[in-house]
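Secondary and tertiary structure notes
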Amino acid sequence: MSWVGDNLDLILRLTLVHLRQSAIPIVVGLLLSIPLGWVAWRYRLVRGPVIVLTGLLYTIPSLALLILLPAVFGYSATEEPNLMIALTIYAIAILVRAVADGLDSVDPDVRKAATAMGYAAPRRFFAVELPLAGPVILAGLRVAAVSTISLATVGILIGVTNLGYLFTNGLQRRIIVEVLAGVVAVVVIALVIDLLLVMLGRMLMPWSRSPTGPGGAGSLSLSKGAGSKDAGPKDAGPDDAGSKRAIVRAAA
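Rules of the game
Residues numbered from 1 in each chain as written. Predicted model: local features only at pLDDT ≥ 70, side-chain atom pairs only at ≥ 80, totals over all residues. Heavy atoms only, no water. Helix = DSSP H or I, 4+ residues; strand = E, 2+ residues; numbered from the N terminus. Buried < 20%, exposed > 50% of the residue type's maximum accessible area, 1.4 Å probe, protein only. Contact = heavy atoms within 4.5 Å. Areas by Shrake-Rupley, 256 points an atom, 1.4 Å probe, with all protein chains shown as cover. 1 Å grid on protein atoms, 1.4 Å probe; cavity = no way out; pocket = protein on both sides within 12 Å on 5 of 7 lines; lining within 4 Å. Points joined across faces, edges and corners; volume = space filled by probe spheres on them. Nonpolar A, V, L, I, M, F, W, Y, C, P; charged D, E, K, R; others polar. Expected span 1.5 Å × (residues − 1). Bend = angle between axes of the 7 residues up to and from the residue. Salt bridge = Lys/Arg side-chain N within 4 Å of Asp/Glu carboxyl O. Patch = residues over 30% accessible without salt bridge, like charges linked within 9 Å, V, L, I, M, F, W, Y side chains within 5 Å. Axes fitted to C-alpha atoms, helices over the stretch in contact; angles between N-to-C directions. Parallel < 35°, antiparallel > 145°, perpendicular 65-115°, else oblique. Left-handed = near helix turned anticlockwise from the far one by under 90°. pLDDT = per-residue confidence, 0-100.

Describing the overall build of the chain
Scanning the chain from N- to C-terminus turns up eleven helices and zero strands. Counting from the amino terminus, the chain carries its helices and strands in the arrangement α-α-α-α-α-α-α-α-α-α-α. Looking at the chain as a whole, 44% of its 252 residues qualify as buried. Summarising the internal contacts of the chain: among those between residues at least 6 apart in sequence, 70% fall at separations of at least 24. Approximately 13,400 Å² of the chain is accessible, and the part contributed by carbon and sulfur atoms is 69%.

This is how it looks when you write it as structure tokens:
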């Protein structure tokens, strides 16, 4: 443990570098996955190819991708952009399906209610559909974040310094404590980022905390009261329409 105390400044510096190298691909991957996921959800004919092709990206070995991308596009393989581009690709591979599944989980009746309230398609997407798909997207984002933070350590194999340095340097010098320090630092970053995402989700999507909220499973029964076993066709009236409008207002 004396090694950790003597090199605490190195661990903290590498942790900040590792965090930067991971955070940018996570954010960029999410931003790129939203339109791709929307295309996969909106156009059923291309849903399968889009999800399959993006999913196959995750099967490419990380080291091979880090070497292949510079060879194809002609930039340096030993710089941070190479690592972050590869991590962005892996994030997209996870998040496209999450976005498509999230949009697919939105109750069609809620969309109809939003349209009836005067929401145009773009406004309906950003104000109603995307927020209600948020819990599913957030679940995929949490997986992508942990995966990205873990995969970033591979960058040290191409000369990009981050917490992976503690792995290789510790193995070469046979300092097991150094390797363990790197493992613990990566795990701590992943746990902190995951906790921040959960807290952010609760702040931005408060309805997801309640099983009967618009984003939860209860929203299906709330907005489909007319279609449940306990409600016959005559039960669908102003209250049912009002519940759908309430979901739209809550999301907006």
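Description of the layout of surface pockets
With a probe scaled to a water molecule rolled over the atoms, the places where space remains empty come into view. By volume, the largest pocket amounts to about 320 Å³. Together, 14 residues line the largest pocket, and Leu 30, Gly 134, Leu 141, Leu 204 and Met 205 are the ones closest to its centre. Breaking the lining of the largest pocket down by element, the ones donating at least two residues are helix H2 (8-42), helix H7 (121-151) and helix H9 (176-204). Element by element, the count of residues in the lining of the largest pocket is highest for H7, at six residues. For the lining of the largest pocket, the per-class residue count stands at twelve nonpolar, two polar and no charged. Each pocket or cavity is described by its volume, and for the second largest pocket that value is around 220 Å³.

Section: empty space enclosed by the protein
According to the stated counting rule, one finds one cavity of 30 Å³ or more in the structure shown. Computed from the structure, the largest cavity encloses a volume of approximately 40 Å³. Contributing to the lining of the largest cavity are Ser 62, Leu 66, Leu 83, Ala 86, Leu 87, Tyr 90, Leu 151 and Val 154. If you list the elements that add at least two residues to the lining of the largest cavity, you get helix H4 (62-73) and helix H5 (80-104). Top element by residues in the lining of the largest cavity is H5. It accounts for four residues. Its residues placed into classes, the lining of the largest cavity shows seven nonpolar, one polar and no charged.

What about H2?
Here H2 contains 35 residues, and its C-alpha end-to-end distance of 50 Å stays within 8% of the 51 Å for a straight helix at 1.5 Å per residue. The largest bend in H2 amounts to roughly 30° and is located at Ser 33, with the proline Pro 35 lying one to four residues further along.

Some words on the pattern of salt bridges
The final tally for this structure, using the stated rule, is six salt bridges. Residue Glu 129 pairs with Arg 124 through a salt bridge whose shortest N-O separation is 3.0 Å. The two residues Glu 129 and Arg 124 agree in class, both being buried. Overlapping salt bridges bring together Arg 111, Arg 124 and Glu 129 as one network.

Description of a nonpolar patch on the surface
Among the surface-exposed residues, Val 184, Val 188, Val 192, Leu 195, Leu 196 and Met 199 lie close enough to one another that they form a single nonpolar patch of about 530 Å² accessible area. Summarising the element assignment, Met 199 is placed in helix H9. By relative accessible area, which is 45% here, Met 199 ends up partly exposed.

Quick notes on the packing of H4 against H5
It is the contact of H4 with H5, at a shortest axis distance of 10 Å, that shows an interaxial angle of 120°. Here H4 lies oblique to H5, going by the angle between them. You can see that H4 and H5 cross each other, and the crossing is right-handed. On H5, the residues touching Ser 62, Leu 65, Leu 66, Leu 69 and Pro 70 of H4 are Asn 82, Leu 83, Ile 85, Ala 86, Ile 89 and Tyr 90. Split by residue class, the contact of H4 with H5 holds nine nonpolar, two polar and no charged.

Section: the environment of Ile 24
With respect to the helices and strands, the residue Ile 24 is situated in helix H2. When the C-alpha positions of Ile 24 and Ile 85 are compared, they lie 9.5 Å apart, and in sequence the two are 61 residues distant.

Thoughts on the confidence of the model for the chain
Overall, the prediction assigns the chain a mean pLDDT of 86, with 82% of residues at 70 or greater. Every residue in residues 211-237 scores below 50 in pLDDT, and together they form 43 contacts with partners more than four places removed in sequence or on other chains.

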